[in-house]
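# Descriptive analysis of the structure
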Amino acid sequence: MAPDEFPWKTAVAALCRWYSRHARPLPWRRSRDPYRVFLSEIMLQQTRVATVLPYYERFLARFPTVESLASAAPGEVMKLWEGLGYYARGRRLPEAARAVVEMGGWPRDAAGLRRLPGVGRYTAGAVASIAFDAPEPVLDGNVKRVWARLFAMARLLEGEALDRCWDLSRRAVAEGRPSMVNQALMELGATICTFRAPACPACPLRRWCRAAASGAPEGYPKPKLRKATPTVRAAVALLWRGPEFLVALRPPEGLLGGLWELPGGKVEPGETPEAAVVRELREELGARARVTAALPPVRHAYTHFKVVLFPFECRLAAGSAPPRSDRPLAWLRPEARHTLAFPAATLRIFRARFGEETPPFRPSAGRARTGRPNARGGRARRRP
Ligand code: SF4
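I will try to describe carefully the structure that is included in this document. (Residues numbered from 1 in each chain as written. Predicted model: local features only at pLDDT ≥ 70, side-chain atom pairs only at ≥ 80, totals over all residues. Heavy atoms only, no water.)

## Description of the site of the ligand
Applied cut-off: Here a residue is near a molecule or strand as soon as one of its heavy atoms is found within 4 Å of it. Under the scheme applied here, ten amino acids are nonpolar (Ala, Val, Leu, Ile, Met, Phe, Trp, Tyr, Cys and Pro), four are charged (Asp, Glu, Lys and Arg), and all others, including Gly, are polar.
Taken together, the residues surrounding the ligand are Arg149, Ile192, Cys193, Cys200, Cys203, Arg206, Cys209, Ala212 and Pro217. Partitioning the shell around the ligand into residue classes produces 7 nonpolar, no polar and 2 charged.

Structure, rendered in structure tokens:
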């Protein structure tokens, strides 16, 4: 059925009835406070609901209002974001909160919301429709899949096909209460029209669905051809000075920006990880170091590559200059590691070396000693 022949009003009504009965009781659905809606939408980008839940609750407990987030120290936000991934989202949250405070309140439409740092077309449409019932369309990975199957679209990820999907979302949102229509579409894609196993008998749109009629709905849309994922080998150091080890702050932009890490770098072709860590400490920090022990390697997968980290215990060699860098450095006691935010792979090295630790983050209790006074200050895709 072509979009112009599709019974939009009837289908959207059926979808909304289904949502009213079957929506999951997620915490961000208890309120239409734009701050809570915004926070949930940012956290849910590229991230599963089950992963987001504890982060959402912890974040709101610490920053219950947009004003409190606007005055947050970046290091504190990053600590709360630690392990959630896609760290640029966390870095930009306080910027967006400050912009809202400066504007004197939340913009109520998508165009206004898109002026906030870190807010794209999808997030703006979601917040405007869910918080303010503005008739703005949304299109995330789940909604794309629903459209691809309803209208039997084989490919839809780019260009014209994507425009077509936005147009379908726009038609749908015009036929009901925007907050409910958009959430219902996303919920259908997340819980019924799933990637691997669409539960068509339970779907309120089944009688209009071309993919279901084909008998093989999971064949829509055709999956993207995936390139092989490269693996990067890196050597990192627990470089000790007495009871403390050295950590360095990553630049604010880019992968893992704003997080702390162990010093080190890529293992070059033909080089052993042990030789690499010694070389990296010399090149990065001007320090001569010796390896005292090798720790178990840690593997971690990012979106576009995998990494194998080879951690080594190191000590400065006699007569070595102290480590220096343009980046902020900090000497840290193991028991104070919870005061700074680290990437997930580094946390795994810490757990293997020091054991579990889950003390609450207490900004004033930080005991990291930094090399600079301000060193602590420093979506696609949604989610079943
Ligand atoms: S009928 Fe099946 S394939 Fe079609 S939208 Fe519903 S769950 Fe998806």
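## Notes on the packing of helix H8 (residues 121-132) against helix H11 (residues 178-191)
Selection criterion: Axis definition: a line fitted to C-alpha atoms, over the contacting stretch in the case of helices. Angles run 0 to 180 degrees between N-to-C directions. Where helices and strands are cited, they refer to DSSP runs of H or I of at least four residues and of E of at least two residues respectively, numbered from the N terminus. Reported orientations rely on four angle classes, namely roughly parallel under 35 degrees, roughly antiparallel over 145, roughly perpendicular from 65 to 115, and oblique for the rest. Pairs of residues are marked as contacts when any of their non-hydrogen atoms sit within 4.5 Å.
The interhelical angle for the contact between H8 and H11, taken along N-to-C directions, is 130°, at an axis separation of 7 Å. Viewed along their axes, H8 and H11 adopt a mutual orientation that is oblique. For the pair H8 and H11, contact is made by Tyr122, Gly125, Ser129 and Ile130 and by Pro178, Ser179, Asn182, Gln183 and Met186, respectively. For the contact of H8 with H11, the class distribution of residues is 4 nonpolar, 5 polar and no charged.

## Here we look at the pattern of salt bridges
Filter applied, for reference: By definition here, a salt bridge exists when the distance from a side-chain nitrogen of Lys or Arg to a carboxyl oxygen of Asp or Glu is within 4 Å. Burial classes follow relative accessibility: with a 1.4 Å probe on protein chains only, a residue under 20% of its type's maximum area counts as buried, one over 50% as exposed, and anything between as partly exposed.
Applying the stated criterion to the full structure yields 21 salt bridges. One salt bridge in this structure joins Arg36 and Asp33, with 3.8 Å as the shortest N-O distance. Accessibility expressed as a relative area gives 30% for Arg36, which makes it partly exposed. Of the charged contacts in the structure, one is a salt bridge between Arg333 and Glu335, with a shortest N-O distance of 4.0 Å. The structure contains a network of salt bridges with shared partners spanning Arg250, Glu261, Glu284 and Arg327.

## Section: helix H2 (residues 34-44)
With 10 of its 11 residues buried, H2 lies for the most part within the structure. Positive backbone phi, at 60°, marks Gln46, one or two positions downstream of H2.

## Some points on the packing of aromatic side chains
Here is the rule we go by: Pairing of aromatic rings covers Phe, Tyr and Trp, the last through its six-membered ring, and needs centres within 6.5 Å; plane angles under 30 degrees mean stacked, over 60 mean edge-to-face, and all others mean tilted.
A full pass over the atoms with the stated rule returns 17 aromatic pairs. A centroid spacing of 5.2 Å and a plane angle of 80° characterise the contact between Trp28 and Tyr56, whose relative ring orientation is edge-to-face. Residue Trp28 is located in the loop between helix H1 (8-22) and H2, and its partner Tyr56 is located in helix H3 (residues 49-62); the two are separated by 28 residues in the primary sequence. In terms of burial, Trp28 and Tyr56 fall into one category: buried. On the numbers, 6.2 Å between centres and 45° between planes, the contact of Trp147 with Phe151 is tilted. Overall, the relative accessible area of 2% leaves Trp147 in the buried class. In this structure Phe151 comes out as buried when scored by relative accessible area, which is 2%.

## Structural notes on the packing of H2 against H3
Applied cut-off: By definition, any crossing whose near helix is turned counterclockwise from its far helix by less than a right angle is left-handed, and any crossing with a clockwise turn is right-handed.
The geometry of H2 relative to H3 is characterised by a closest axis approach of 10 Å and an angle of 140° between their N-to-C directions. Judged by the inter-axis angle, H2 sits oblique to H3. Crossing geometry of H2 relative to H3 is assigned as right-handed. In this structure, H2 contributes Tyr35, Arg36, Leu39, Ser40, Met43 and Leu44 to the contact, and H3 contributes Val49, Val52, Tyr55, Tyr56, Phe59 and Leu60. Per-class residue counts for the contact of H2 with H3 are 10 nonpolar, 1 polar and 1 charged.

## Topic: the nonpolar core
Short version of the rule: Residues belong to a common nonpolar core when they are buried Ala, Val, Leu, Ile, Met, Phe, Trp, Tyr or Cys residues joined through side-chain atoms within 4.5 Å.
Judged by nonpolar contacts, the single largest core of 85 residues is most densely connected at Met43, Phe59, Leu69, Trp106, Trp147, Leu150 and Leu205. Setting aside chain neighbours within four positions, we find Trp106 in contact with Pro34, Tyr35, Phe38, Val66, Val100, Leu113, Leu116 and Phe132. With 22 residues, the next largest nonpolar core counts Leu238, Leu262, Val298 and Leu332 among its residues.

## Details of the environment of Gly219
Within the secondary structure, Gly219 is located in the loop between helix H12 (210-214) and strand S1 (231-241). Along the backbone, Gly219 and Ala148 are 71 residues apart, and their C-alpha atoms lie at a distance of 9.9 Å.

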